[in-house]
Every structure is written in structure tokens, then in C-alpha cells.
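Residue strings, one per chain:
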Amino acid sequence: MTDDLIGTQEPGGQESIEPMAGGPAMIVGRQPLGLWSDVWRRLRRNKLAVVGLGIIIVFVTVGIAESVSTAAGFNLAPYDPNAVNYELSPEGLGSPPSWSHPFGTDYLGRDIFSRVLVATRISMLVGVIAVAIALAIGLVLGPIAGYYGGAVDSVIMRTADIFFAFPYILFVLLLVTVLGGGFINVFVAIGLLSWAVYARLNRGSVLSVRRMEFVEAARAQGATDLRIIFRHVLPNTMAPVYVAIAMGVGGAISTEAALSFLGIGIQPPDASWGKMISDYLSYMAAGRWWMELFPALALVITVFGFISFGNGLRDATDPKLKE
Amino acid sequence: MAERLLEVSGLSTHFFTHAGVVKAVNGVSFTLDRQETLGIVGESGSGKTVTALSVMRLVPDPPGKVVAGTIDLKGRDLLAISEDEMRQVRGNDIAMIFQDPMTSLNPVYKVGDQIAEAVMLHQDKGKKEAWSMAAELLKRVGIPDAKHRVTQYPHEFSGGMRQRAMIAMAISCNPDILIADEPTTALDVTIQAQIIEVVIEMQQQYHSGVILITHDLGVVAEMSDKVMVMYGGRTVEYGPVDEVFYNAHHPYTWGLLGSLPRLDLAEKERLTPIKGNPPDLMLLPEGCPFSGRCGYERPECRAVWPELEIVGPEHGVHCHIPADERLTLRAGLPRFLAQVS
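Residues numbered from 1 in each chain as written. Chains lettered and ligands numbered in written order. Predicted model: local features only at pLDDT ≥ 70, side-chain atom pairs only at ≥ 80, totals over all residues.

## Observations regarding the overall build of chain A
A count of helices and strands for chain A gives 13 helices and zero strands. Taken from the N to the C terminus, the helices and strands of chain A come in the order α-α-α-α-α-α-α-α-α-α-α-α-α. Taken over 323 residues, chain A has a buried fraction of 44%. Across chain A, the fraction of contacts at a sequence separation of at least 24, relative to all contacts at a separation of at least 6, is 70%. (Helix = DSSP H or I, 4+ residues; strand = E, 2+ residues; numbered from the N terminus. Buried ≥ 20, exposed ≤ 12 C-beta atoms within 10 Å, placed from the backbone. Contact = placed C-beta atoms within 7 Å.)

## Observations concerning the confidence of the model for chain A
Residues at a pLDDT of 70 or more form 86% of chain A, whose mean pLDDT is 80. Per-residue pLDDT stays below 50 along residues 1–27 of chain A; that stretch engages in 51 contacts with residues further than four places along the chain or on separate chains. (pLDDT = per-residue confidence, 0-100.)

## Remarks on the pairing of strand S6 (residues 94–97) of chain B
All names here are of chain B. Burial of the side chains of S6 extends over both faces: Ile94 and Met96 are buried on one face and Ala95 and Ile97 on the other. One ladder, built from four bridges, connects S6 with strand S7 (residues 177–181); its direction is parallel. Of the residues in S7, the one forming a bridge with Met96 is Ile179. (Pairing = 2+ DSSP bridges.)

## As for the confidence of the model for chain B
Confidence in the prediction for chain B averages 85 pLDDT; 95% of positions are at 70 or higher. Confidence estimates for the predicted assembly give a pTM of 0.74 and an ipTM of 0.79.

## Points about the sheet that holds strand S8 (residues 209–214) of chain B
Two pairing modes exist for strands in a sheet, parallel and antiparallel, and in both the strands are linked by backbone hydrogen bonds. Residues and elements named next belong to chain B. With mixed pairing, the eight strands of this open sheet are ordered in space as S6-S7-S8-S3-S9-S10-S12-S11. Looking along the sheet, the strands with just one partner apiece sit at the ends: S6 and strand S11 (308–312). Strand-to-strand twist of the sheet, defined as the mean angle between neighbouring strand axes without regard to direction, takes the value 20°. Across the sheet, helix H6 (residues 159–171) touches S6 and S7, and the angle it forms with S6 is around 175°. (Axes fitted to C-alpha atoms, helices over the stretch in contact; angles between N-to-C directions.)

## A short note on the sheet that holds strand S2 (residues 20–33) of chain B
Ordered in space as S2-S1-S4-S5 (chain B), the four strands form an open sheet in which the pairing is antiparallel. Two strands bound the open sheet, and with one partner strand each, they are S2 and strand S5 (76–77) of chain B.

## Some thoughts on unusual backbone geometry
Residue and element names in this part refer to chain B. Its identity is not glycine, yet Gln35 carries a phi of approximately 65°, on the positive side. For Gln35, the position within the fold is in the loop between S2 and strand S3 (37–41). In this structure Gln35 comes out as partly exposed when scored by C-beta crowding, with 16 C-beta atoms within 10 Å. Although it is not a glycine, Asp145 sits at a positive phi angle of roughly 55°.

## Considerations on the environment of Arg203 of chain A
Along the polypeptide, Arg203 of chain A turns up in helix H8 (residues 195–209). Taking the C-alpha atoms as reference, Arg203 of chain A lies 36 Å from Gly263 of chain A; in sequence the two are 60 residues apart.

In C-alpha cells, the structure reads:
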């Protein structure tokens, strides 16, 4: 990945004239392509990744708009997501999609569309917060392990191995039980458990970057270890991390859904996609498919969006795939 | 007499690897005065770079370790001070220019950022001030349009410009000593002369002492006041540059000089290579590391390291061959500089 950062060199001849001391100012060659414009150029050709990016933008926008509108005192959702209306739920089985309720209503007569919309915010939040916590831990421990090596490396990476070895959901369940329910705790629990991915990924890149001459040059200038690690080494190892972030957000969202499905995490009456999937499961047997379908679709589409964007980003940042 | 900046004596740096102890540097001694240039020459693996890294205390530990000797910087023993104090020495008192300018600048930061960082590490300067200093330094090392250039990334610089930027970084804190580790090896021949010129110019402006590590004898002849010839981790010959070039006493120095292409000799003359391969640093003999390739070997050569013998003004050599015999041998060599001087 670092090759990629060093790359994008002039194809030769552009500014190869060596200026002499005191000579006239040379005309600067064409503006070279930066890393991100280069990545974007290749990402654009990957249709699936572009679709993924589109999905991410739509859902993130919805999530943000929903929070803003709630804060501003009006509702983006057409109906109050928690308003019970038995008239809309004959025989307690909800009503199928209609013009006024495009996704139908649930067994309490609540509007499914409004509930899916509101739950988007929770899902986006869990993705961002959980990954931010995981990054904050992983991108400190990983580079330290890789840079110092030896015993420090062993202790950190063996700890990471333990986190990998433990059944993930069980571990989150344990943590949520200890921390107590509530959606913030769920976010924290997921974050605390997924740091190992970033630490391991980043350690690998640090191992190769720390041998580079500019690191030695920084040391020869009298820079401290911490400065070298976080200012000189870390920024050169970020490309794979960006990919992992995109994937990680998708993973965190589906983990939250799984936890809510198991009844831990988001508590009623708050809506979450996982919680809705869990609540409405039994109505599937009664042929009330719309309750289950729409939250499940929202979940699948979002996770698909993050993962296909992450995949595309990986291909686009991989110097070996450069044409 | 000029101010003495650095006095290294009996420096030995060994690497303790799984396969055995690599004796990279063995009992090396030299001095450096203000405004003086010391050239360290020798083939790859002769311990030139490790000597420089030892002075900076940058030898990777483990596996490397300075096992003997003292490094005296203006009265301070660098081997005795703490790592924190050493960090203040690096960049501030001793700065280093590396071999490959392509990889010695951090690709993710602007050139100005990197020079400014070097300034801010050792001087109490704000970011703005450091940046304007960076532009000034770039200008001083001969980069035109420096104000614009500081805002560019290393990949927008050519190799020669990057090396100039590295020099700007190195001199940013006005160091007493500048160590240039093969500063021109990775560059085009035409650029090499320019870079050497910049280093000389900076030395004159800042009155630094320069340690120039190279295997280019031409560069040494042009730039250095003194030269130290290293082989197999040992100093084999040491002295003023003219002395060593025109009155060389060690067979290895003869070999180095003999393998130089010469424009002033008959056209069809062939180069005289030194036969054999450099020694394995793990299996060095107790005595002279050059024994075995020397050609004038004596029974004691392999077993005993010869004492320093003074053969001229400040000119020392480590060799078992008696001095008068050496002169006879040298006179018989087909290609030797002394013949034309």
C-alpha cells in the first residue's frame, strides 16, 4: 500500500531538468495525480463499488436527516414510529402495504416505513461509534506492536489472538451483560471487541514501513519513538485500514442487528432493524410478510453497500492491480 | 588549531545474530575538527555505515551493540549519556544525510512540513516561523522557487532536488557535524557533482565538520581533508588525503587506487582489480582482515593485528610489512598515483 503512496511519480521528463543554484525558476510540470484522485479514477470503473457508495450515501443522509429533524422538533418520518393504532391492525395482525402506509403496519398498527427510517440512525450510529472505538484501540496498539517488536509485540498480538479465538457474539453478550443494556453500551461492546482486526492489519504494514529510510532519517533528526510511530509510520499504513473501516461498519451494523435479534441491545419501544426482524418473526407464519421483509431488506442493502464499497476500495488501492 | 569536534577511539560495534557474532566495526579511531572533512572509504560491508550509525547511536539494538571504545563530542561521551540526551544531540549537534533520497523523505508529508519538523524538534519556533525557515533553507541549497516548492510533496521532486531537501533538513539546526552516508550513490553522475558542491557550500556557511562516507575515491580526493580507509571493519590506513593518495602504505589502499580508471595513462591499460572476495564478517581472522587477498602475506598476518605505525605527518597504517619493504613493493606496482605526481 505504501508503494501506492510513494507512487504516482512523473512518467519521466516532466521536471527532470535539475535547477542550478541561483538559476531561473523552472516551470513546474503538470499537477500529478494525488492518491485519492487516482483511487477514485479506478473505483469509478467498478460498478458494484459505485452502487455501494451510493447506498452508503443514501443511508447516511437519511440517518443524519432523521437526527437533525428530531432535534429541530419535527419528524422526518410520516408517522410517529412508536404510535400504537389498533384500527390499523385488525385482529392484531397489522395491515399490508398500502398507499398511506407503503411498508404496511405491524401488529400494534405502527407504521413500518417510519420505524425502518428511524432505525437507520441507530444502525449508522452503531457503525460509526463501534468502528471509531475499535480504531482508537487498534491503531494505537497495532503500530506499537509492529514498531517495537519483541516482547511488546508478543503481548499485544497474543491478546489480539485471544480476542479472535473467542466466539464473537458470546463475547459481546458477556460484555453487554456486564456493562448493562442500552444501545450506547452495545456500541461500546462491539467496538471493544473488534479492535484486534485493525491492530493486526496495521501491525503488518508497520513492519514494512518501519524499515524505510525516512523512518531512520526521522530518528537521525532526534524524533521520539512516539512521534516516529504516529507521525511518520502510521500515515503510511492507512490505505488498507480505510478498506477495513468500510467493511467494519457493515460488520458492526449486522452485529448490532444480531444482538437486537437476541433481545440484547436496543430496548423497546425504540426501533432497530435487528429488533424489528426479531419481533415480527412469528408473524411470518401468519403470512404477514411485510413486517419482516422491509427491515430485513434495509439491513441487507446497507451491509451490502458497505461491503461492496470496501471491496472496490481494496481493489482500487491495491498497487498490484494497477494497470 | 581548529576546534576539535569529535574524537572516536577504539570503537567496536558487533551484531549478535543467531548465526554468530558479526564484527562489523573493530577498534576504529578517528578525529574530526571544525570545518574539516573526513572521508571514510572502503568496499561494501567494510563497516563505514555502521561506524557512522554508532556515532549517532542509531545501530539497531538488538542485535547491534557498541562493545568497546569512546565517542567524544566536544568533551561529552556520547556512549555514556541517556537516550533522551542523545535525542537532543541527533539533528542538533550531529545531522545525517542518507544514501537514497527517493526513500528518505516521508511520502505523505509536504517537503516544507518535514523541514519545519526538523526545525521545531530542536528550536523553540512556531509553525509559521519554521515554515518560512524551511523555504529559506530550500533556497539556500539551490532550489529555485522555494516558496512554492515547500508546499509540494516529495514525489514532485526529482532525485537531486530531494537530496538537496535532505541537506536542507540536515543543516536546519546548524549541526556541528554533518554525516553524509554515500550522498551521491543513488544519483545521476551529473547531479552528483552538484550535490557535492552543495555539501561543500553548506560546510563553509555553517562551519560544520563533515564525515563523508563513500566508495568514490574521486569524491574523497575532491572534498576531504583526511581519509580513513576501512577494510573488514578495521581501519587499515588513515591520514591527510594527499598523504594517503600519494604515499599509500597499505596494500589494500594500493589495490583501491590501482583499480581506479585513469585518463592520464596509456589508453589500452587495463584496470587492476583486487583479487578475491571481501571477508565474511563472522569469520574474520584475529589478525589483518585483508590477509588472504593481500598477496604480500606474511606468517603473522592472519594471527596478529598489526600495531599502528606512523609513516608520515598524521599518517598511520596497520601493516606487518616493514616500511622500507613496502616502499620497494609499491615502486614495483604498474599503476600507482605516486608515479605521476
